[in-house]
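# Chains, contacts and geometry: an overview
Here is what each chain is made of, one letter per residue.
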Amino acid sequence: MRYVSTRGQAPILGFEDTLLAGLAADGGLYVPEAWPSFSPADWRAMRGLPYPELTARILQPFVADAFDQATLTRLCREAYAGFGHPAVAPLVQLDHRLFALELFHGPTLAFKDFALQLLGRMFDDVLTRRGSRITIVGATSGDTGSAAIEACRDRANIDIVILHPKGRTSPIQRRQMTSVLSHNVGNVAVEGTFDDCQDLVKAMFADVAFRDAMRLSAVNSINWARVAAQIAYYAHAALTFGAPDRQVAFAVPTGNFGNVLAAWAARRMGLPIHSLILGANRNDILARFIAANDMSMRAVEPSLSPSMDIQVSSNFERLLFELMERDAAATSAAMARFRAEGRMPVPDAAWRRATSLFRASACDDDATIAEIARLDADGYLADPHTAIGVAAARAHMPADPDIPVIVAATAHPAKFPDAVERATGRRPALPARLADLETRPERFTELPADLATVEDFVRRHALRNAARNIA
Ligand SMILES: *Cc1c(COP(=O)(O)O)cnc(C)c1O
């Protein structure tokens, strides 16, 4: 399988280089040169496969030039072995025709573990073969840092340093990062804000000598492999409900568009998905796009669902490329105007293609709280992101009564205890395997928001681990 950039000006790469590159050299995003698809008989044969085997089967056409099937299956088994539920991604009924696909049983209690647990292992396997090491640096306001750390901990050829703003992440979020004592993990509490952390990371990447010496890399949400790994749970859910012989719909609380793009890909690969329902919070650019072809940027406002407080959904570019019938020049021009003018000009025909499949609605904080309370009254405790997905699903149930709607439950309620307590009066407990999080020892280094100091920390961290690896 070869991968092309949505902007058409970057080298065409195989899976391995696409994995390591992340962003394409022309600023675009890599997508498969041609979409693989499975026949109805192929899909039927996948029913009942254990989750890791199903993932390996679905990824096979995407990665065949980089991993043989035995290696891929092993990596998938290892990636999902640490999940806290034997079904990995269990389905729970919420209402008539309405189900939750629980994607929060991984090590950091959010859906990003599905892709990142596998990605860390894929990176490590490729780097071992190449005899190479990388250093991953990232900034976090809380959520993504822990998923990246869990993905990279104890990987032989990866060092990771995550910057968080000192005293400004929730205690749970900080402890999920700082209680990981693996020697290849470095946590830095920066004396500053999240923006300071992000500026430091950007400055490290811009320092070419440093970037090359450290072989800096990132595990951001535009990496194609992350989208690919997520296709499997949509397939798992659809097959459970009778696909390819029955249609299903999915509702997905959406921020960077990576999660729902995987659902779109599952449909492109032959699963009969009737509709894709986007849930947004008050940062409702995607809902405005679907309603009125209004893709215009506004200021990001904080909400009870912080992982969706986003105005520029980076993975949307991949859908745009498809909506524009894979016209890279047109995609590139639309993205350039979006950056320059804050408004994306999507041709009417492309917008109509989107609205024939996607539905969308937005929830403010009050509606989010009301949905958490309603679900709680029915016996289900949901986090604010999941609740937004459920509210969007309720607003867009397909007319055909045979079509079930499956909501991506993206985070465990205990990750957002304040919102859940506000809605239900109860503070959700962490799962047993994390119950002692508050008493685990922590390790982090406090540093000023100064580039030279932070680079020095990263350099020492990487050198120490390289030495340890040789010894
Ligand atoms: C990241 C995240 C989202 C948004 O997912 P995208 O792929 O960015 O659309 C939704 N909910 C939770 C809990 C998340 O962590």
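Residues numbered from 1 in each chain as written. Predicted model: local features only at pLDDT ≥ 70, side-chain atom pairs only at ≥ 80, totals over all residues. Heavy atoms only, no water.

This part is about the nonpolar core. If you look at the biggest cluster of nonpolar residues, it comprises 110 residues, and the most contacted ones within it are Phe15, Ile58, Met122, Phe250 and Phe358. By residue number, the principal contributor to this core is helix α10 (residues 224–240), which donates 13 residues. Sequence-distant contacts of Phe250, defined by excluding residues within four places in its chain, comprise Tyr234, Ala237, Ala238, Ile273, Ser275, Leu276, Ile277 and Ile406. (Core = buried A, V, L, I, M, F, W, Y, C linked by side-chain atoms within 4.5 Å. Buried < 20%, exposed > 50% of the residue type's maximum accessible area, 1.4 Å probe, protein only. Helix = DSSP H or I, 4+ residues; strand = E, 2+ residues; numbered from the N terminus. Contact = heavy atoms within 4.5 Å.)

Take the site of the ligand next. Neighbouring the ligand are 15 residues, the closest being Lys112, Gly255, Asn256, Asn259 and Thr410. In this structure, Gly258 approaches the ligand through a main-chain N or O atom, which is 3.2 Å from an oxygen atom. Taking Asn259, its main chain carries an N or O atom lying 2.9 Å from an oxygen atom of the ligand. Coverage of the ligand by the protein chains reaches 96% of its 380 Å² of free accessible surface. Looking at the shell around the ligand residue by residue, the classes come out as five nonpolar, eight polar and two charged. (Near = heavy atom within 4 Å. Polar contact = N/O pair within 3.5 Å; in protein donor to acceptor, adjacent residues only side chain to side chain. Areas by Shrake-Rupley, 256 points an atom, 1.4 Å probe, with all protein chains shown as cover. Nonpolar A, V, L, I, M, F, W, Y, C, P; charged D, E, K, R; others polar.)

Tallying each qualifying case throughout the model produces 34 salt bridges. Salt-bridge contacts for Arg74 lead to Asp125; the nearest nitrogen and oxygen are separated by 3.8 Å. Here Arg74, found in helix α4 (residues 69–81), pairs with Asp125, found in helix α5 (residues 112–130); they are 51 residues apart in sequence, far enough to count as distant. In this structure Arg74 comes out as partly exposed when scored by relative accessible area, which is 38%. Residue Asp125 is classed as buried on the basis of its relative accessible area, which comes to 18%. Linked by salt bridges that have partners in common, Glu16, Asp17, Arg74, Glu78, Arg121, Asp125, Arg129 and Arg130 make up one network. (Salt bridge = Lys/Arg side-chain N within 4 Å of Asp/Glu carboxyl O.)

Moving on to helix α3 (residues 51–63). In an α-helix there are 3.6 residues to a turn, and that puts residues three or four apart on one side. In this model α3 runs 18 Å from its N-terminal to its C-terminal C-alpha over 13 residues, within 8% of the 18 Å that 1.5 Å per residue would give. In the structure, α3 departs most strongly from a straight axis at Arg57, where the bend amounts to approximately 25° and where the proline Pro61 lies between one and four residues downstream. Taken as a whole, α3 has its buried residues at Tyr51, Pro52, Leu54, Thr55, Ala56, Ile58, Leu59, Phe62 and Val63. (Expected span 1.5 Å × (residues − 1). Bend = angle between axes of the 7 residues up to and from the residue.)

Once that is clear, we can look at the domain arrangement of the protein chain. The domains assigned to the protein chain are domain 1 (1–107 + 223–430) and domain 2 (133–220 + 441–471). For domain 1 and domain 2, the distance between their C-alpha centres works out to 27 Å. Contacts between the two partners involve nine residues from domain 1 and, on the opposite side, eight residues from domain 2. Counting each side, the surface lost to burial between domain 1 and domain 2 is near 720 Å², with a carbon and sulfur contribution of 43%. When the buried area of domain 1 at its contact with domain 2 is split by residue, Pro107, Arg226 and Lys415 rank highest and sum to 54% of it. Put simply, domain 1 and domain 2 have zero salt bridges between them. Joining domain 1 to domain 2, the criterion identifies zero residue pairs in polar contact (both at pLDDT 80 or more). By residue class, the composition of the side of domain 1 that touches domain 2 is five nonpolar, two polar and two charged. (Domains from an automatic or database assignment. Buried area = accessible area lost by both parts, 1.4 Å probe.)

We now examine the sheet that holds strand β5 (residues 134–139). What the five strands build is an open sheet, ordered β8-β5-β6-β7-β13; its pairing is parallel. For this open sheet the edge positions go to β8 (216–217) and β13 (445–448), each flanked by a neighbour on one side alone. Sheet topology note: the β5/β8 ladder contains two bridges and is parallel. Note that in β8 the partner of Ile136 across the bridge is Ser217. In the packing of α5 onto the sheet, contacts are made with β5, β6 (158–165) and β8, and the angle to β6 comes to roughly 140°. Across the sheet, helix α6 (residues 143–152) touches β5, β6 and β7 (185–191), and the angle it forms with β6 is around 165°. (Pairing = 2+ DSSP bridges. Axes fitted to C-alpha atoms, helices over the stretch in contact; angles between N-to-C directions.)

Quick look at the pairing of strand β3 (residues 91–95) now. With four bridges connecting them, β3 and strand β4 (residues 98–102) associate as antiparallel partners. Among the inter-strand pairings, Asp95 is bridged to a residue of β4, identified as Leu98. Hairpin connection of β3 to β4: two residues between the antiparallel strands, including Arg97 at a positive phi of 70°.

Right, let's get into the sheet that holds strand β9 (residues 248–253). Taken in spatial order, the six strands make up an open sheet running β3-β4-β12-β9-β10-β11, and their pairing is mixed. Looking at the sheet topology across the chains shown, the edges are occupied by β3 and β11 (358–362). In this sheet, adjacent strand axes meet at a mean angle of 25° when their direction is disregarded. Sitting on the sheet, helix α12 (residues 285–292) is in contact with β10 (273–280) and β11, with an inclination near 130° to β11.

As for its position among the elements, Cys363 is in the loop between β11 and α16 (365–377). Between the C-alpha atom of Cys363 and that of Glu317, which follows or precedes it by 46 residues, the distance is 24 Å. Discounting residues that sit within four places of it in the chain, Cys363 has contacts with Ala280, Asn281, Arg282, Thr368, Ile388 and Ala391.

One can find Ala139 in strand β5. The sequence separation of Ala139 and Ala340 amounts to 201 residues, and the corresponding C-alpha distance is 25 Å.

The N-to-C vectors of helix α8 (residues 194–206) and helix α19 (residues 451–470) enclose an angle of 70°; their axes lie 10 Å apart at closest approach. Taken together, the axes of α8 and α19 are roughly perpendicular relative to one another. In this structure, α8 uses Leu200, Ala203 and Met204 to contact α19, whose residues at the interface are Leu451, Val454, Glu455 and Val458. Across the contact of α8 with α19, the residue classes tally to six nonpolar, no polar and one charged. (Parallel < 35°, antiparallel > 145°, perpendicular 65-115°, else oblique.)

Of note, the amide linkage connecting Ala243 to Pro244 takes the cis form, showing an omega dihedral of 10°. Along the chain, Pro244 falls in the loop between α10 and β9. A positive phi is found at Val88, a non-glycine position, where the angle reads about 65°. Take Val88: it is sitting in the loop between α4 and β3. Within the chain, Phe257 stands out as a residue other than glycine whose phi angle is a positive 75°.

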